[in-house]
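Structural description and commentary
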Amino acid sequence: MDINQIRTQLATAKANVLKGDIATSLKRFIYALHELTKSSAPIPVEIKSLIRDISVEYNSFKQIKDELNINFAYTAGEEKKLLVVCMKAYEYLTKEANKGEESYEDALKRKKALDQHLIAVKDFLSRNFLEEADQEVEKALKYYKDEHKVFAYLGELYLQSNYITRAKHFFKKATEMEPDNQDVAKKFIEVNKMQAK
């Protein structure tokens, strides 16, 4: 057991929790508790005091306590019990922080589905099947997330097939999504002029 390393981890954990960064604090705290529980050596009083101080701070985070129905209370000799509680809280916090984030695999699947629908749109437009193309656009937009270029691409596809009104709609969307994109803005102006003729 490297007591200096444990002391450093606990001091950092305390500084982080006082700043309100409980996730980072818990990470350091868990490391220190894990190191302590691996050893059979007695825990110095100053380390116990640091653990108690940090535990009191954790208990002030009511949301975590209430959500998980846990208590960060520390009793000397029950470091393993506190370690389990902290690991549970850390797992909860990291899951909450990652909610809504799309995994790489999910993003790849979604983009592949988007691409397949865009290819179908292009195919239908090349054969003048407007209704089918519109249906594929609807399907494609279900997979749309933040790929702003999809609107410019759809505008270009409709323009190439001489569906000016639909092209204008998508170029307008593209300019709204990317107001600084000069190429898209030029296409939108070009399509407006075409429609005015």
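Please read these numbers as outputs of a predicted model, since none were measured by experiment.

In terms of regular secondary structure, the protein is built from 10 helices and zero strands. Starting at the N terminus and walking to the C terminus, you meet the elements of the protein as α-α-α-α-α-α-α-α-α-α. The globule rule puts the C-alpha radius of gyration for 197 residues at 16 Å, and the 29 Å found for the protein is more than 25% above it. Judged by the C-alpha coordinates and their principal axes, the protein covers about 85 × 30 × 30 Å. Counting over 197 residues, the protein shows a buried share of 38%. Counting only carbon and sulfur atoms, one obtains 51% of the accessible surface of the protein, whose full area is about 12200 Å². One way to put it: in the protein the 33 positive side-chain charges average out to a point 1 Å from where the 31 negative ones average out.

Bringing the packing of aromatic side chains into the picture now. Applying the stated criterion across every chain yields a total of six aromatic pairs. Here tyrosine 158 and tyrosine 163 contribute two aromatic rings whose centre-to-centre distance is 6.3 Å and whose plane-to-plane angle is 80°, an arrangement assigned as edge-to-face. Judged by its relative accessible area of 1%, tyrosine 158 falls in the buried class. When the ring of tyrosine 158 is compared with that of phenylalanine 170, the centres are 5.6 Å apart and the planes differ by 10°; the resulting orientation is stacked. Taken together, the residues span a long stretch of sequence, with tyrosine 158 in helix H8 (residues 149-160) and phenylalanine 170 in helix H9 (residues 164-177) at a distance of 12 residues. Each member of the pair, tyrosine 158 as well as phenylalanine 170, carries the same accessibility label: buried. Here the aromatic residues Phe151, Tyr158, Tyr163 and Phe170 are joined through ring pairs into a cluster of three or more.

Glancing now at the nonpolar core. Counting 29 residues, the largest nonpolar core has Leu10, Phe29, Ile51, Tyr58, Ile64, Phe72 and Cys86 as the members making the most contacts within it. Excluding its chain neighbours within four sequence positions, the residues that come into contact with isoleucine 64 are Ile22, Asn69, Ile70, Phe72, Ala89, Tyr92 and Leu93. If you look at the next biggest cluster of nonpolar residues, it comprises 27 residues, including Tyr144, Tyr163, Ala174 and Val184.

Bringing the environment of tyrosine 144 into the picture now. As for its placement among the helices and strands, tyrosine 144 is situated in the loop between helix H7 (130-143) and H8. Spatially, the C-alpha atoms of tyrosine 144 and lysine 14 are 43 Å apart, while their sequence positions differ by 130 residues. Beyond its immediate chain neighbours, meaning those up to four positions away, tyrosine 144 contacts Arg110, Leu114, Val150, Phe151 and Met177.

For helix H6 (residues 104-126), with 23 residues, the first-to-last C-alpha span of 33 Å sits near the 33 Å given by 1.5 Å per residue. Ala107, Arg110, Ala113, Leu114, His117, Leu118, Ala120, Val121, Phe124 and Leu125 are the residues of H6 that are buried.

Another aspect to go through is the side chain of serine 25. Tracing the backbone shows serine 25 in helix H2 (residues 22-38). Given a relative accessible area of 0%, serine 25 falls into the buried group. A polar contact is formed between the side chain of serine 25 and the side chain of tyrosine 58, at a distance of 2.7 Å. Filtering out sequence-adjacent residues up to four positions away, serine 25 remains in contact with Ala13, Lys14, Asn16, Val17 and Tyr58.

Attention now goes to the packing of helix H1 (residues 3-19) against H2. One way to put it is that H1 packs onto H2 with a least axis distance of 8 Å and a crossing angle of 155°. Between H1 and H2, the crossing angle belongs to the class labelled roughly antiparallel. Note that H1 runs across H2; the crossing there is left-handed. Judged by residue contacts, Gln5, Ile6, Gln9, Leu10, Thr12, Ala13, Lys14, Asn16 and Val17 of H1 engage Thr24, Ser25, Arg28, Phe29, Tyr31, Ala32, Glu35 and Leu36 from H2.

Between H9 and helix H10 (residues 182-196), the least distance of the axes is 9 Å, while the angle of their chain directions is 150°. The angle between H9 and H10 places the two elements in the roughly antiparallel class. As H9 packs across H10, the resulting crossing turns out to be left-handed. Contact residues: Ile164, Thr165, Ala167, Lys168, Phe171, Lys172, Ala174 and Thr175 in H9; Val184, Ala185, Lys187, Phe188, Val191, Asn192, Met194 and Gln195 in H10. Here the residues of the contact of H9 with H10 are counted per class, giving nine nonpolar, four polar and three charged.

Scoring rules and cut-offs
- Residues numbered from 1 in each chain as written.
- Predicted model: local features only at pLDDT ≥ 70, side-chain atom pairs only at ≥ 80, totals over all residues.
- Heavy atoms only, no water.
- Helix = DSSP H or I, 4+ residues; strand = E, 2+ residues; numbered from the N terminus.
- Rg over C-alpha atoms; globule rule 2.2 N^0.38 Å.
- Buried < 20%, exposed > 50% of the residue type's maximum accessible area, 1.4 Å probe, protein only.
- Areas by Shrake-Rupley, 256 points an atom, 1.4 Å probe, with all protein chains shown as cover.
- Lys, Arg positive; Asp, Glu negative; His and termini not counted.
- Charge placed at Lys NZ, Arg CZ, Asp CG, Glu CD.
- Phe/Tyr/Trp six-rings, centres within 6.5 Å; stacked < 30°, edge-to-face > 60°.
- Core = buried A, V, L, I, M, F, W, Y, C linked by side-chain atoms within 4.5 Å.
- Contact = heavy atoms within 4.5 Å.
- Expected span 1.5 Å × (residues − 1).
- Polar contact = N/O pair within 3.5 Å; in protein donor to acceptor, adjacent residues only side chain to side chain.
- Axes fitted to C-alpha atoms, helices over the stretch in contact; angles between N-to-C directions.
- Parallel < 35°, antiparallel > 145°, perpendicular 65-115°, else oblique.
- Left-handed = near helix turned anticlockwise from the far one by under 90°.
- Nonpolar A, V, L, I, M, F, W, Y, C, P; charged D, E, K, R; others polar.

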